Structure formats: C-alpha cells, structure tokens
Amino acid sequence: MSLSIIESCVNCWACLPVCPSNAIYEAKPHFKIDAAKCTECDGDFAQPQCASICPIEGAILDQLGAAINPPGSLTGIPPSMMEAAMAEIRAR
Amino acid sequence: MELTVLGDNAAQNSAGGGCSAGSCGSTDHQVSHLPDHIREKVENHPCYSEKAHHYFARMHVAVAPACNIQCHYCNRKYDCANESRPGVVSEVLTPAQAVKKTMVVAANIPQMTVLGIAGPGDPLANPEKTFETFRELSEKAPDIKLCVSTNGLALPDAVEELAKHNIDHVTITINCVDPEVGAKIYPWIFWNNRRIKGVKAAKILIEQQQKGLEMLVARGILVKVNSVLIPGVNDEHLKEVSRIVKAKGAFLHNVMPLIAEAEHGTFYGVMGQRGPSPEELSELQDACAGDMNMMRHCRQCRADAVGMLGEDRGDEFTMDKIETMEIDYEEAMVKRARVHAAIAETLAADHAKVSAPVMTVAAGTRPVQMAVATSGSGVINQHFGHAKEFLVYEASPNGVRFIGHRKTDQYCIGDDTCGEKESSLTTTIRALEGCEAVLCSKIGFEPWDLLEAAGIQPNGEHAMESIEEAVAAVYLEMAKAGKLEQAVITAAA
Ligand code: SF4
Ligand code: SF4
C-alpha cells in the first residue's frame, strides 16, 4: 500500500511536511515516497495528505498507478482547452 | 499659474478626474495622518515611500517553496507570475544560504535595507524555513528590516511568532472580501488536512485574511494589502476591499495588474482572461485613492530580485558566487550606517527644499504622461536601453505627480547577441502605451525612430536633472509648441 510521485512533480515541498508517516523525501530529479513507510494516511486522515495539497495534476499516483488528481481537477482548466492552448503555442 | 511638485505641496488638489496629492505614492501628505511610530517606519522605506524608493534598495530571498492555496493566476511550475515576474523560476535557498546571501548583498549594496520573504510559495506555509531565516538575520544583521508577504491563510497562527521576530511589515494579498468573487479566483485551499474547493474555500481564506489583518494591527505591526486587478472578476469589488482593509487598519493598498498569458499555463492565461490596460489600472487606483493610501511605485519585484530601482543585480549574487565570498559584517554595518545617514540627510534636504519648478501653463491644459528612465536618486540617469522599468509621471497645470511603474523586458544587453532585439523593443514600446514622451540620459537611433513612430517623443536633453523638474520643463515646451491644445493627441505616424 503506497502512493507514488512521478516526474511531473515540481519539487514544491508542499507534501513533505504534511505526511504523517515521514514517508516523503527530497530526491533528484523529484520528490519520492518511501513505499515501506507510506500508510496512505490510513488511521491518520480520511484523505491522503500529500495528494490533498499537491498543486500538480497527475504528480501523485495511487497504488494502482492512477492519478489521484487527474487533468483539470485542480486548476479547473478543461483538458481540451489546455491542449488547444499548448498546441497553439507550439505552432508559433 | 504655478506648476509645483504635488508631493511637496499637500494643499494642492486638482479638479475632477485628476489627482489629489494624497493619491500619489506615499507622499508626505499621505503619511501625515499616521501615528508617529508608523510614520517613522514609512518615511524611509523603499517599499512604502515614493521618495525613499529612489535611494534605498530591497531584496527578496526565495526560501519558501510550498503553498497552501491555488490562485487562478499562478502555475506552480513557475514562480507566481503576479507576485513576481512570469516564467522565471527562482533558485530556492536553504535558510542558511538565504542568510549568507542577504548579508553578502547588504555588505556590497549598503542601500539595501529591507529583506523580504515572499515565496516562491507562501512564506507562512513554510513556517520553519521562513522563521529560521528571520531569527538568524535579526541576530546577525540587526540593521536589516524584515518583511513577509502572504496569502493570509496561515496568518492568524503565525502572528505571535512574527511579533517575536520584530517584523517590520507584513503584506497580505487580498483580492476579495466576497466568497462568491473569491470562488472565481481561488479554485482550492488546503485546510484542516483536506483540500477544499469553491465558495467554501474562498470563505475560509477570506476569514483568515481578515482575522490575520486585525491581529497584526492589534499588535502594532504594519500591514500593507496587495490586490491583483482582474478585469470582470474583481475590478469593481476592489473598491470595497480598499474600504474594508483601510477601516481595519491596513495603511497601504497596492493594486497590481493581472499578468496572464497562455504560455504560463495558468487558469486565467489558458482561459483567455485578460489583464487590465495601464489606463484601467490607473483609473482603479484613482477610484480607490479616495478611501485609501494607494501605492503606485510598487514594482512587483521578482521574488529573488536584487538591487536599486530599475535594476536587477541578481546575477552578481548567485549562490555559487556567494559561497566564495567572505564578508566582515561588523565592518559592513559601519559603512552601511554611514551610507544610510547620508541618504537621510539628502532626503531631509529634499524635504526642506521649497523650490518647486515654477512655470506657467493655462488652466485646462490637458495632462500628459511621460516615462522616465532612472536608476535612483530622483534624477534622470539611465540609458533607455538599460532601463528594466520606467517611472511614469503625469504633468498637468496642477503640477507633476508620480503615476506608477511600467516594466519592460530589457532589450539591450550591452552587446548585440540578442536575436530578439526587435521584438523586445516593440514590447518596451507597448509597455509605454499612453505616454507621450520618454526622458532618459541617452538613447540609440533605432529606438528613437521607433518611439517617434509610435507617437512617443524621446528626450535625452535632461540627463542628471531632477525628474520632476525635467518633466515640468518638457510639459511646458509641449505647451509652448502648441501640442497640448487639442483634447486628444493623435499618434504621429
Ligand atoms: S499517502 Fe499519506 S502516508 Fe503516504 S506519502 Fe502521502 S501523506 Fe505520506
Ligand atoms: S506537492 Fe506535488 S509537486 Fe509538490 S513536491 Fe510534492 S509531489 Fe511534488
């Protein structure tokens, strides 16, 4: 049972101090979760703390590898709008 | 009629649409209503005093990466675009590095008197890092003032600790007092171990901000309020914000323009929310000025910017360079005290000076905005191509008043290696929209032609002259040349 942090993490530090299990550590190129220590916050909090403060959609995955905060869920930007904007910028 | 410098004459008041002396930066008039202990803090403060900011410098250290809320104008992949310059990711320092950097800069730039922690996240969402930096600096460099900027969510819990470190002032970013408006600005907050969204989140944030503001004022800590002007979202609402925060004891309200570009990947940027035009910003600042001390000289400095007005010497003080520098701070403090005393003398002399430029223009002559390139000391002393920001002044029959800053992406880097020279120059010219002249110490042929084509008259004839006097002189020349007769001037093609 463990969450994981993937490469879209921007190393913002927000998750590290809120983890009740001291499972998160600073690493290169991005922060990581020690799978042996992560409890998914079970017994401490109703929601996994790291995924409740992380500002980056897709940076934290559940034990099945699915993004806890999928595209659009935090910023409110519809994924299609984001894609269109990025495509436009690339075309410049 | 007499053309005076408004800041020096509190009795001046212009007719409708113009400016009252009280709305121009924190002029003497503006701070005169404040209690003595606050006025003392303000008068020589580079962030608060329009005069002092020509002579002193401030810096920020980026020690606080984490944030506890999301704003629609921010993308955490970059530094906050609105508190700082967009797209520039600052080097996050440990508290020990930040202390060393601050002391090295203070020793090398004695005018540096204020150290701020503003990010790149929220300083109070990183209490250990922020407070450790403050604790060490109060001990090792007692001649440096400390300040902190926050979104306010964690502020009530931090007030006690802030009071302990003898913080000079706190800036709270307050964009709204109505949760319905707030829900359009803040998609979520992290609160009591949960992510909370929508109106409920905005309501909690607003309550915490207001509570924090009240607690700071009760403790006698100076509070400045920053607001980001978001057209169609909080523009009208900011007038109410201004009223409320002033009633609660904030002593300055600084309205900043929204910066939103699709490439920043922010909600506002991607969704096409526009920022305000310089005119809209100016109008809102004028509208709020009746209720509030407005601060027009805020430069939305980059979170890790270093240096005097108009410059960023950050490159001289990167961490790898700092690690190799040794300083004797005891010795530096002696030099700093000498420099500060000299500046205080200059400011006092300036204060006593009654010789405002005296000239005549007909009442009813239309006002003109002019941009000025300066690197401090209140004089025109910067090359057009070296200016990273311009000061904008308005000349009218009532005198000369400071309006605000326009930032530009510096296009001239000393040599010609920059391939985007043309387009950056265009950006600079766009930043000067609404100005009819630009006063600088020197200017090249190419920008001269482009400025003229854009209807902005370049002027390098007043190098090393006092800004107010030069602006007044150019205004009078324009009046004499008959350029100010028609109500609206059309750009010379
Ligand atoms: S889920 Fe909870 S325990 Fe696991 S890393 Fe995140 S905060 Fe720590
Ligand atoms: S909060 Fe998210 S983005 Fe920030 S360090 Fe943790 S995983 Fe990375």
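Every value quoted in this text rests on a predicted model; they were computed, and no experiment measured them.

> Which parts of the structure should I look at to understand the site of ligand 1?
Cys 19, Ser 21, Cys 38, Cys 41 and Cys 50 of chain A are the nearest of the 13 residues found near ligand 1. Of the residues belonging to the shell around ligand 1, the class tally is nine nonpolar, three polar and one charged.

> Help me understand the nonpolar core in this model?
Soluble globular proteins tend to pack their nonpolar side chains together in the buried interior. Residues and elements named next belong to chain B. The biggest cluster of nonpolar side chains holds 55 residues, and the ones touching the most others in it are Leu 115, Leu 162 and Leu 216. It is helix H3 (residues 95-108) that provides the largest number of residues to this core, a total of seven residues. Discounting residues that sit within four places of it in the chain, Leu 162 has contacts with Phe 131, Val 148, Leu 155, Ile 167, Val 170 and Leu 216. Counting 27 residues, the second-largest nonpolar core is a separate cluster that includes Ile 185, Ile 206, Ile 230 and Met 256.

> Can you help me understand the side chain of Thr 102 of chain B in this one?
Mapping Thr 102 of chain B onto the fold places it in helix H3. Every residue in contact with Thr 102 of chain B, bar those within four places of it in the chain, is listed here: Met 59, Val 61, Met 112, Leu 115, Leu 137 and Ile 144 of chain B.

> Looking at this model, I keep getting lost on the pattern of salt bridges. Mind explaining?
Two side chains bearing opposite charge may form a pair once their charged atoms approach each other closely. Residues and elements named next belong to chain B. Tallying each qualifying case throughout the model produces 10 salt bridges over all chains. Notably, a salt bridge pairs Asp 143 with Arg 336, separated by 2.7 Å at the nearest N-O pair. On the criterion of sequence distance, the pair formed by Asp 143 in the loop between helix H4 (127-140) and strand S4 (145-150) and Arg 336 in helix H12 (residues 329-352) is long-range, its members being 193 residues apart. Look at Asp 143 and you get partly exposed, because its relative accessible area is 23%. A salt bridge links Glu 236 to Lys 239; the nearest nitrogen and oxygen atoms lie 3.2 Å apart. The exposure class assigned to Glu 236 is exposed, which follows from its relative accessible area of 55%. Judged by its relative accessible area of 25%, Lys 239 falls in the partly exposed class.

> What is the right way to look at the site of ligand 2 in this model?
The full set close to ligand 2 counts 13 residues, and Cys 9, Val 10, Cys 12, Cys 15 and Cys 54 of chain A are the nearest of them. Split by residue class, the shell around ligand 2 holds 12 nonpolar, one polar and no charged.

> I would appreciate a short explanation of the interface of chain B and chain A in the present structure.
The accessible area lost on association of the parts is a frequent measure of interface size. With 21 residues of chain B at the contact, the number on the chain A side is 26 residues. Roughly 2000 Å² of surface becomes buried between chain B and chain A when both sides are summed, with 65% attributable to carbon and sulfur atoms. It is Phe 190, Arg 195 and Val 270 of chain B that lose the most area in chain B upon contact with chain A, and together they represent 26% of the buried surface on that side. Summed over the shared surface of chain B and chain A, the result is zero salt bridges. Joining chain B to chain A, the criterion identifies six residue pairs in polar contact (both at pLDDT 80 or more). Put simply, the parts of the chain that give the side of chain B that touches chain A at least two residues each are strand S6 (188-191), strand S7 (194-197) and helix H9 (267-271) of chain B.

> How should unusual backbone geometry be read in this particular structure?
For residues other than glycine, phi is negative in most cases, and the peptide bonds are mostly trans. Each neighbour pair has its own omega, and for Lys 28 of chain A with Pro 29 of chain A the value is 0°, a cis peptide bond. Mapped onto the secondary structure, Pro 29 of chain A falls in the loop between strand S2 (24-25) and strand S3 (32-33). In this model, Asn 192 of chain B sits at a positive phi of 50°, which is unusual for a non-glycine residue. The phi dihedral of Asn 193 of chain B is positive, around 65°, even though this residue is not glycine.

> What is the right way to read the packing of helix H5 (residues 155-164) of chain B against helix H7 (residues 198-218) of chain B from this model?
Helix-helix packing is described using two parameters, namely the angle between the two axes and the distance between the axes. Residues and elements named next belong to chain B. It is at 8 Å that the axes of H5 and H7 come closest, and there the two elements cross at 20°. With respect to H7, the element H5 is oriented roughly parallel. Seen along the crossing, H5 lies across H7 with a hand that is right-handed. Along its contact with H5, which presents Leu 155, Pro 156, Val 159 and Leu 162, the element H7 presents Gln 208, Lys 211, Gly 212, Leu 213, Met 215 and Leu 216. Classifying every residue of the contact of H5 with H7 gives seven nonpolar, two polar and one charged.

> Explain the sheet that holds strand S10 (residues 306-307) of chain B to me, please; I cannot follow it from the model alone.
Paired through their backbone hydrogen bonds, the strands of a sheet run either parallel or antiparallel. All names here are of chain B. Taken in spatial order, the seven strands of this open sheet run S9-S8-S5-S4-S3-S1-S10, and their pairing is mixed. Either end of the sheet is taken by a strand with one partner, and the two such strands are strand S9 (252-257) and S10. Direction of pairing for strand S8 (residues 222-229) relative to S9: parallel, over a ladder of six bridges. Directly across from Val 228, in S9, lies its bridge partner Met 256.

> It is not clear to me how the packing of aromatic side chains should be interpreted in this structure. Could you clarify?
How two aromatic rings sit relative to each other is set out by the distance from centre to centre and by the angle between their planes. A full pass over the atoms with the stated rule returns three aromatic pairs over all chains. Centre to centre, the rings of Phe 267 of chain B and Tyr 268 of chain B are 5.9 Å apart; their planes meet at 65°, and the pair counts as edge-to-face. Look at Tyr 268 of chain B and you get buried, because its relative accessible area is 2%. A centroid spacing of 5.4 Å and a plane angle of 40° characterise the contact between Phe 384 of chain B and Phe 390 of chain B, whose relative ring orientation is tilted. Per residue, the accessibility class of Phe 384 of chain B equals that of Phe 390 of chain B, and both read buried. One cation-aromatic arrangement involves Lys 129 of chain B over Trp 13 of chain A; the distance from NZ or CZ to the ring centre is 3.4 Å. In this structure, Arg 195 of chain B packs its charged tip against the face of Trp 188 of chain B, placed 4.3 Å from the ring centre.

Conventions used here
- Residues numbered from 1 in each chain as written.
- Chains lettered and ligands numbered in written order.
- Predicted model: local features only at pLDDT ≥ 70, side-chain atom pairs only at ≥ 80, totals over all residues.
- Heavy atoms only, no water.
- Near = heavy atom within 4 Å.
- Nonpolar A, V, L, I, M, F, W, Y, C, P; charged D, E, K, R; others polar.
- Core = buried A, V, L, I, M, F, W, Y, C linked by side-chain atoms within 4.5 Å.
- Buried < 20%, exposed > 50% of the residue type's maximum accessible area, 1.4 Å probe, protein only.
- Helix = DSSP H or I, 4+ residues; strand = E, 2+ residues; numbered from the N terminus.
- Contact = heavy atoms within 4.5 Å.
- Salt bridge = Lys/Arg side-chain N within 4 Å of Asp/Glu carboxyl O.
- Buried area = accessible area lost by both parts, 1.4 Å probe.
- Polar contact = N/O pair within 3.5 Å; in protein donor to acceptor, adjacent residues only side chain to side chain.
- Axes fitted to C-alpha atoms, helices over the stretch in contact; angles between N-to-C directions.
- Parallel < 35°, antiparallel > 145°, perpendicular 65-115°, else oblique.
- Left-handed = near helix turned anticlockwise from the far one by under 90°.
- Pairing = 2+ DSSP bridges.
- Phe/Tyr/Trp six-rings, centres within 6.5 Å; stacked < 30°, edge-to-face > 60°.
- Lys NZ or Arg CZ within 6 Å of the ring centre and 35° of its normal.

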